[in-house]
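Notes for the structure review
Residues per chain are reported as follows:
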Amino acid sequence: EAVAAEWMLEFACSCLCRHFAEQSGAEFWRWRDVAQALINGFSQIPPHQKKTVYLCQLLIRIAQGKSLGLHFENDQRISPLESALSFWTLLEREENKLEKLHEDIRRLIQIQIVAVHMENRYFKEAAEVLERLFTDSESDKPLRVKLATVIKTKDPYVPLLQSFNYSLLISKIKSYINLFMKENETNFLIQEATKHVASKGLGATALLNRPVEVNENDKSDLETKQRFVLSIILRDVLGQKLATSTFPIFWQKPKVSRVLQSLNNMQNVGTNGVSLACGRRRQRWTHKEDMELKLGVREFGVGNWAKILAHGNFNNRTSVMLKDRWRTLTKIK
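Taking an unreviewed UniProt entry as the reference, the protein is identified by name as Telomeric repeat-binding factor 1 belonging to Erythrocercus mccallii.

So this is what it looks like as structure tokens:
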């Protein structure tokens, strides 16, 4: 089971990388769930898969980097991008090359952590996060001073933030993904499925042996290939029982509601800088959450839902949910 989980994580990571690079939102979120489930299943991370785990966690957080209402850490002050920075630091420790690219991505994440707070007009929080981001080293000082000056202007559209924007961060992450994929291009599941199909003399051998480079015309064909490969591996290599009971998600079509909720895709991040929270199950509002909402409205005023969300203690809510709940509470009153 542990070995099978490692194979699946390797495959899930490659899918995450590809869908991140292609800005395929719904597929990215689907494979995020798969990767996260596999990672959560490890009692401890196998040493040879540390980079794989760190990269998965990095991509998940970068994809949600604009959503200050989401929290990946117990500390509610830590934004998705600040959490992503910690995984980027872990990735850097696993490598002894790519120093220039590492430095570029680190600086871009740091700049965007501040920029996202400023775009939401959380200037006080931007100043606080700046203190957490940088050490007192001389190498950090120039950028730290520049960002401190930017925060004082309270202008999220200054040249520094525009030049080193979110789109550039996404582009640099894609460059890193390309290098990672080249180093890990021999995926075990693909290899074993190819051998298995060839040994059975099935007609799909030609399909499996085709190159996997992707362009706009090949995407649907590659999806077909991947689904076919997974069905063969899970059925014949890992066993029929394992395939039908443990990993049903891979050949089930996503529910319509899940697909609709996942339309907040990676294209939003790359174009207009908006990244919404992923789909959530509908859940009842508690009395405690209602009180948090009322206190937030009293402090920040009706309409400031993002700020109320950031400062309140809500259970996996979005600003839209807060707005809808306030409308309901008003009607009840």
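Resuming the write-up.
For the structure on display, the rule yields 15 salt bridges. Note that Asp33 and Arg32 form a salt bridge whose closest N and O atoms lie 2.8 Å from each other. Measuring nitrogen to oxygen at the nearest pair gives 3.0 Å for the salt bridge that ties Arg317 to Glu289. Residue Arg317 is located in the loop between helix H17 (305–311) and helix H18 (319–332), and its partner Glu289 is located in helix H16 (residues 287–300); the two are separated by 28 residues in the primary sequence. Comparing Arg317 with Glu289 shows no difference in burial state: the two are buried. Through salt bridges with shared partners, one network takes in Lys100, Asp104 and Lys172.

Below, the discussion takes up the packing of helix H1 (residues 2–22) against helix H9 (residues 166–183). Between H1 and H9, whose axes approach to 10 Å, the crossing angle comes to 145°. As H1 packs across H9, the resulting crossing turns out to be left-handed. On H9, the residues touching Cys13, Ser14, Cys17, Phe20 and Ala21 of H1 are Ile170, Ile173, Lys174, Ile177, Phe180 and Met181. By residue class, the composition of the contact of H1 with H9 is 9 nonpolar, 1 polar and 1 charged.

Over its 13 residues, helix H7 (residues 141–153) extends 19 Å from the first C-alpha to the last, a length consistent with the 18 Å expected when each residue adds 1.5 Å. Within H7 the residues assigned to the buried category are Leu143, Leu147, Val150 and Ile151. Axial view of H7: buried residues confined to an arc of 100°, hence all on one face. Contact partners of the buried residues in H7: helix H5 (99–119), helix H6 (123–133) and helix H8 (159–163).

Attention now goes to the packing of aromatic side chains. Scanning the model with the defined rule gives 6 aromatic pairs in all. An angle of 80° between the planes, with centres 5.1 Å apart, marks the rings of Phe28 and Trp29 as edge-to-face. Each member of the pair Phe28 and Trp29 is classed as buried. Where Trp285 meets Phe314, the ring centres are 6.2 Å apart and the plane angle is 70°; that geometry is what we call edge-to-face. In this pair, Trp285 is assigned in the loop between helix H15 (266–271) and H16 and Phe314 in the loop between H17 and H18, connecting sequence segments 29 residues apart. Exposure remark for Trp285: the relative accessible area of 18% places this residue in the buried category. Sitting above the plane of the Trp285 ring, Arg317 keeps its charged end 4.3 Å from the centroid.

Right, let's talk about unusual backbone geometry for a bit. It is generally the case that most residues other than glycine have a negative phi and that most peptide bonds are trans. Unusually for a residue other than glycine, Gln23 sits at a positive phi of about 60°. Inspection of the secondary structure assignment puts Gln23 in the loop between H1 and helix H2 (25–40). Using a relative accessible area of 24% as the deciding quantity, one classes Gln23 as partly exposed. For Arg121, which is not a glycine, the phi torsion comes out positive at approximately 65°. Structurally, the position occupied by Arg121 is in the loop between H5 and H6.

Our focus in this paragraph is the environment of Val302. Inspection of the secondary structure assignment puts Val302 in the loop between H16 and H17. Judged by relative accessible area, Val302 falls into the exposed class, the value being 57%. Considered as a pair, Val302 and Trp326 are 24 residues apart in the sequence and their alpha carbons are 8.7 Å apart. Once residues within four sequence positions are removed from consideration, Val302 is found in contact with Val297 and Trp326.

Definitions and limits used
- Residue positions are given per chain, counting from 1 as you read along its sequence in written order.
- Given that this is a predicted model, residues contribute local features only at a pLDDT of at least 70 and side-chain atom pairs are listed and counted only at 80 or more, while totals for whole chains, interfaces and linings are drawn from all residues.
- To obtain the side-chain values, all non-hydrogen atoms of the structure were used and water was disregarded.
- By definition, a salt bridge exists where a carboxyl oxygen of Asp or Glu is found within 4 Å of a side-chain nitrogen of Lys or Arg.
- Runs of H or I in DSSP of at least four residues are treated as helices and runs of E of at least two as strands, each being numbered from the N terminus.
- For each residue, the accessible area found with a 1.4 Å probe, counting protein chains only, is set against the maximum for its type, and the residue is called buried under 20%, exposed over 50%, and partly exposed in between.
- An axis is simply a line fitted to the C-alpha atoms; with a helix, the fit covers only the stretch in contact. Between two such axes, the angle follows the N-to-C directions and lies from 0 to 180 degrees.
- Left-handed describes a crossing whose near helix is turned anticlockwise from the far helix by less than a right angle; the clockwise case is right-handed.
- Contacts are residue-level and defined by heavy atoms, with any inter-residue pair within 4.5 Å sufficient.
- Just so you know the grouping, Ala, Val, Leu, Ile, Met, Phe, Trp, Tyr, Cys and Pro go in nonpolar, Asp, Glu, Lys and Arg go in charged, and all remaining residues, Gly too, go in polar.
- Each helix should span, by expectation, one fewer than its residue count multiplied by 1.5 Å.
- Note that the arc is computed from the directions linking the helix axis to the C-beta atoms.
- Pairs were defined over the aromatic rings of Phe, Tyr and Trp, the Trp ring being its six-membered one, requiring ring centres within 6.5 Å. Orientation was assigned from the angle between planes: stacked under 30 degrees, edge-to-face over 60, tilted for the rest.
- Two limits define a charge over a ring: the Lys NZ or Arg CZ must be within 6 Å of the ring centre, and within 35 degrees of the ring normal.

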